[in-house]
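Below, each chain spelled out in residue letters.
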Amino acid sequence: MKMIFLDADGTLFHHSGYVPESAKIAIEKAKRNGHFICLCTGRQKCELYGDLLDIDFDGIVTGSGACVYTSEKNLKEVYFDDSQISYLLSFMKEHEIPCLFETSEKVYGNKQARNSLKLLYDIHCSSLPEEKRKLHGVYNLFHHVEFMDYDNLIQQKINKITFLESMLNYKDIENIFKEEFDVVRATFAPFGKESGEISHKEITKGNGMQTLMDFYQIQQKDVISIGDSYNDFSMFEKSNFSIAMGNAPEDVKSKCDYVTSSILKNGIYNAFKYLEII
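Only a predicted model underlies this, so the values are computations on that prediction, with no experimental measurement involved. (Residues numbered from 1 in each chain as written. Predicted model: local features only at pLDDT ≥ 70, side-chain atom pairs only at ≥ 80, totals over all residues. Heavy atoms only, no water.)

Colleague: Mind showing me how you'd approach the overall build of the chain here?
Modeller: In terms of regular secondary structure, the chain is built from 12 helices and 14 strands. Relative to a compact globule of 278 residues, whose C-alpha radius of gyration would be 19 Å, the chain shows 18 Å and is just as compact. Overall, the C-alpha framework of the chain stretches about 50 × 40 × 35 Å when taken along its three principal axes. Across the 278 residues in the chain, those meeting the buried criterion constitute 56%. Looking at the chain alone, contacts between residues at least 24 apart form 62% of all its contacts between residues at least 6 apart. Accessible surface computed for the chain: about 12700 Å², of which carbon and sulfur atoms make up 46%. (Helix = DSSP H or I, 4+ residues; strand = E, 2+ residues; numbered from the N terminus. Rg over C-alpha atoms; globule rule 2.2 N^0.38 Å. Buried < 20%, exposed > 50% of the residue type's maximum accessible area, 1.4 Å probe, protein only. Contact = heavy atoms within 4.5 Å. Areas by Shrake-Rupley, 256 points an atom, 1.4 Å probe, with all protein chains shown as cover.)

Colleague: Would you explain the sheet that holds strand 5 (residues 74–77) in this entry?
Modeller: Spatially, 5-4-3-2-1-12-13-14 is the arrangement adopted by the 8 strands of the open sheet, whose pairing is mixed. Strands with a single pairing partner mark the edges of an open sheet, and in this sheet they are strand 5 and strand 14 (258–259). Bridge count for strand 12 (residues 223–227) against strand 13 (residues 241–244) is 4 bridges, and the pairing is parallel. Pairing of Ile-226 across the sheet is with Ile-243, part of strand 13. (Pairing = 2+ DSSP bridges.)

Colleague: Looking at this structure, how should I read the environment of Ile-123?
Modeller: Tracing the sequence through the fold places Ile-123 in helix 4 (residues 111–124). A C-alpha to C-alpha distance of 9.4 Å links Ile-123 and Pro-190, two positions 67 residues apart in sequence.

Colleague: Could you clarify how one ought to interpret the nonpolar core in this entry?
Modeller: Within soluble globular proteins, side chains that are nonpolar generally end up buried alongside one another. In terms of nonpolar packing, the biggest core is built from 28 residues, with Leu-6, Leu-12, Ile-226 and Phe-272 touching the most fellow members. Contributing elements (two or more residues each) for this core: strand 1 (3–6), helix 1 (21–32), strand 2 (36–40), strand 12 and helix 12 (267–275). When sequence neighbours within four positions are dropped, the list of residues in contact with Leu-12 reads Leu-6, Asp-7, Tyr-18, Val-19, Pro-20, Ala-23, Ile-27, Leu-39, Leu-52, Ile-55, Phe-57 and Ile-263. Counting 22 residues, the second-largest nonpolar core is a separate cluster that includes Met-148, Ile-173, Phe-177 and Phe-181. (Core = buried A, V, L, I, M, F, W, Y, C linked by side-chain atoms within 4.5 Å.)

Colleague: Is there a simple way to think about the sheet that holds strand 7 (residues 107–109) in this case?
Modeller: Hydrogen bonds between backbone groups are what pair the strands of a sheet, and the pairing can be parallel or antiparallel. The 6 strands are arranged 8-7-6-9-11-10 in an open sheet whose pairing can be described as mixed. Of all the strands in the sheet, just strand 8 (146–147) and strand 10 (182–185) have a single pairing partner and so form its edges. Here strand 6 (residues 99–102) pairs with strand 9 (residues 160–163) via 4 bridges, running antiparallel. The residue of strand 9 that forms the bridge with Leu-100 is Thr-162.

Colleague: What am I meant to see in the pairing of strand 3 (residues 59–62) here?
Modeller: Regular strands place side chains that alternate from one sheet face to the opposite one. In strand 3, alternate side chains face the same way, and those of Gly-59 and Val-61 on one face and Ile-60 and Thr-62 on the other are all buried. The pairing of strand 2 with strand 3 spans 3 bridges and is parallel. Note that in strand 3 the partner of Leu-39 across the bridge is Ile-60. Pairing between strand 3 and strand 4 (residues 67–69): 3 bridges, direction antiparallel. When the bridges of strand 4 are listed, Thr-62 appears paired with Cys-67.

Colleague: I tried to follow the pattern of salt bridges on my own but got confused; where do I start?
Modeller: Any two side chains of opposite charge can pair if their charged atoms end up close together. Applying the stated criterion across every chain yields a total of 14 salt bridges. The residue Asp-122 makes a salt bridge to Lys-118 at a minimum N-O spacing of 2.9 Å. You can see Asp-122 and its partner Lys-118 sitting in helix 4, 4 residues apart, about one turn around the helix. For Lys-118, a relative accessible area of 37% translates into the label partly exposed. Salt bridges here are not isolated pairs; linked through shared partners, they connect Lys-2, Lys-221 and Asp-222. (Salt bridge = Lys/Arg side-chain N within 4 Å of Asp/Glu carboxyl O.)

Colleague: Help me out: how do you make sense of the environment of Asp-122 in this one?
Modeller: A relative accessible area of 34% means that Asp-122 is categorised as partly exposed. Expressed as a C-alpha distance, the spacing of Asp-122 and Val-138, which sit 16 residues apart in the sequence, is 9.6 Å. At 2.9 Å, the side chain of Asp-122 forms a polar contact with the side chain of Lys-118. (Polar contact = N/O pair within 3.5 Å; in protein donor to acceptor, adjacent residues only side chain to side chain.)

In structure tokens form, the structure reads like this:
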């Protein structure tokens, strides 16, 4: 029996809004063969929609480890304390950085994020047919993020901040915050290469995985992870065997034991076949 952790965006879930049929088939077969299948994503619970809700996961790690769930229980929730969020909000306000402020139940944005998301919507969604447009990740963000001022944001239980491209590049922001917080590049491709995520040091995908491993009494020797981006590194480290998607950057692939095909070329299905779990 194995416990397999799957990243969402770029691994299981394409940003245009669907899980490939081959991945659905692979998951169903693996579960029938007695294996645990868990989602391990930077998305919040409120950002899971469409095909992601149709899969019967044995556990779900959201917010890059901030919250951990089974179908029946909420096992964990971690968020910034008052001093941390005050510091982060002050910095983002001073530098006018477009940001999404994430909680388990809602994603909020500042006025700069409103402008950035509108631009991304125009680029990625405006020309799509209505049916495809409503599935796209940018569409869902633009229509479901609640925009508010900083005085109201500081009252929310925020567990992760996603910053979009601005006058400060990713390395600038990483260097400022890396000693106190966990800072990784963002995993949602439309946000751009200079976007990133900031979370509490305790919030990592690996720590979220450990919560589910403890709950189901699974040892690390039986844990496998599949991902495609930088916030998956802690997921790989927690696993006995790690797999990178074919569409992952080369420095992500170099961290893994095996590289499967891309998300659009049956990556999950081919990985499960390689692992001999289906």
